[in-house]
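Each chain is listed here by its residues.
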Amino acid sequence: QVQLVESGGGLVQAGGSLRLSCAASGSIVSINTMAWYRQAPGKQRELVAGISRSGSTSYADSVKGRFTISRDNAKNTLYLQMNSLKPEDTAVYYCNADIRSIGSVGDYWGQGTRVTVSS
């Protein structure tokens, strides 16, 4: 069974930094696209950043120049370095991955990690 576990969330002041991690485990054969989403209170979940297996990245306009997505394919781990954080970045951040495991292919989600940015 495949599992995604996020870590690294917390409370930070505006202008500060946090680094989120997402570790994939289980009977993984390969991981294709990975991404970070976030959901603020009362809002829909939105795509923050994505990264292909080869390392091509894309970002939401709201985080360009402040957030950096990266991955370590050997460790099946996804990262999100968040700098110059703003109160509007406050949300639960979710990891998403397209994973081929033994016997199946699927789209998996982590349980989420909360990020709170105080002004």
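Keep in mind that this is a model prediction, so the values were computed, not measured.

Asks: Describe in detail the sheet that holds strand 3 (residues 18-25), supporting the description with residues and values.
Replies: Backbone-to-backbone hydrogen bonds join strands into a sheet, with any given pair of strands oriented parallel or antiparallel. With antiparallel pairing, 4 strands are arranged side by side in an open sheet as 1-3-8-7. Two strands close off the open sheet at either side, each with one partner strand: strand 1 (3-7) and strand 7 (67-72). Neighbouring strand axes in the sheet, compared pairwise and without regard to direction, differ in orientation by 15° on average. For strand 3 and strand 8 (residues 77-82), the ladder comprises 6 bridges, and the chain directions are antiparallel. Note on strand 8: the bridge partner recorded for A23 is T77.

Asks: Summarise the pattern of salt bridges; cite the residues concerned and give the values.
Replies: The full count for this structure, using the stated rule, is 4 salt bridges. Where D89 meets R38, a salt bridge forms, and the shortest distance between an N and an O atom there is 2.9 Å. Taken together, the residues D89 in the loop between strand 8 and strand 9 (91-101) and R38 in strand 4 (residues 28-39) connect sequence positions 51 residues apart. There is no split in this pair, since D89 and R38 are both buried. One network of salt bridges, in which partners are shared, links R38, E46, R66 and D89.

Asks: I'd love a proper account of the environment of N32, names of residues and values included.
Replies: Position of N32 relative to the elements: it lies in strand 4. Put simply, N32 and R53 are 21 residues apart on the chain and 5.1 Å apart in space, counted from C-alpha to C-alpha.

Asks: Can you explain the environment of S25? Please cite residues and give values.
Replies: Take S25: it is sitting in strand 3. Distance from S25 to Q3, taken between C-alpha atoms, is 5.3 Å for residues 22 residues apart in sequence. Leave out the neighbours within four places in its chain, and S25 touches Q1, V2 and Q3.

Asks: An account of the pairing of strand 10 (residues 104-109) is needed here, citing residue identities and associated values.
Replies: Here 6 bridges tie strand 9 to strand 10, and the two strands are oriented antiparallel to one another. Within strand 10, the residue paired with S101 across the bridge is S104. With antiparallel pairing between neighbouring strands as the criterion, strand 9 and strand 10 make up a hairpin whose turn holds 2 residues, including G103 at a positive phi of roughly 95°.

Asks: Could you give me a rundown of the nonpolar core, with the residues and numbers involved?
Replies: The nonpolar side chains of a soluble globular protein tend to be buried with one another. Core analysis: the biggest nonpolar cluster contains 30 residues, and W36, L80, M82 and Y93 have the highest contact counts within it. Elements with a minimum of two residues in this core: strand 3, strand 4, strand 5 (46-51), strand 7, strand 8, strand 9 and strand 11 (113-118). Among the elements that take part in this core, strand 9 stands out by supplying 5 residues, more than any other. For L80, the contacting residues outside a window of four places in its chain are L18, R19, L20, W36, V48, A49, F67, T68, I69 and Y93.

Cut-off values and rules
Residues numbered from 1 in each chain as written. Predicted model: local features only at pLDDT ≥ 70, side-chain atom pairs only at ≥ 80, totals over all residues. Heavy atoms only, no water. Pairing = 2+ DSSP bridges. Helix = DSSP H or I, 4+ residues; strand = E, 2+ residues; numbered from the N terminus. Axes fitted to C-alpha atoms, helices over the stretch in contact; angles between N-to-C directions. Salt bridge = Lys/Arg side-chain N within 4 Å of Asp/Glu carboxyl O. Buried < 20%, exposed > 50% of the residue type's maximum accessible area, 1.4 Å probe, protein only. Contact = heavy atoms within 4.5 Å. Core = buried A, V, L, I, M, F, W, Y, C linked by side-chain atoms within 4.5 Å.

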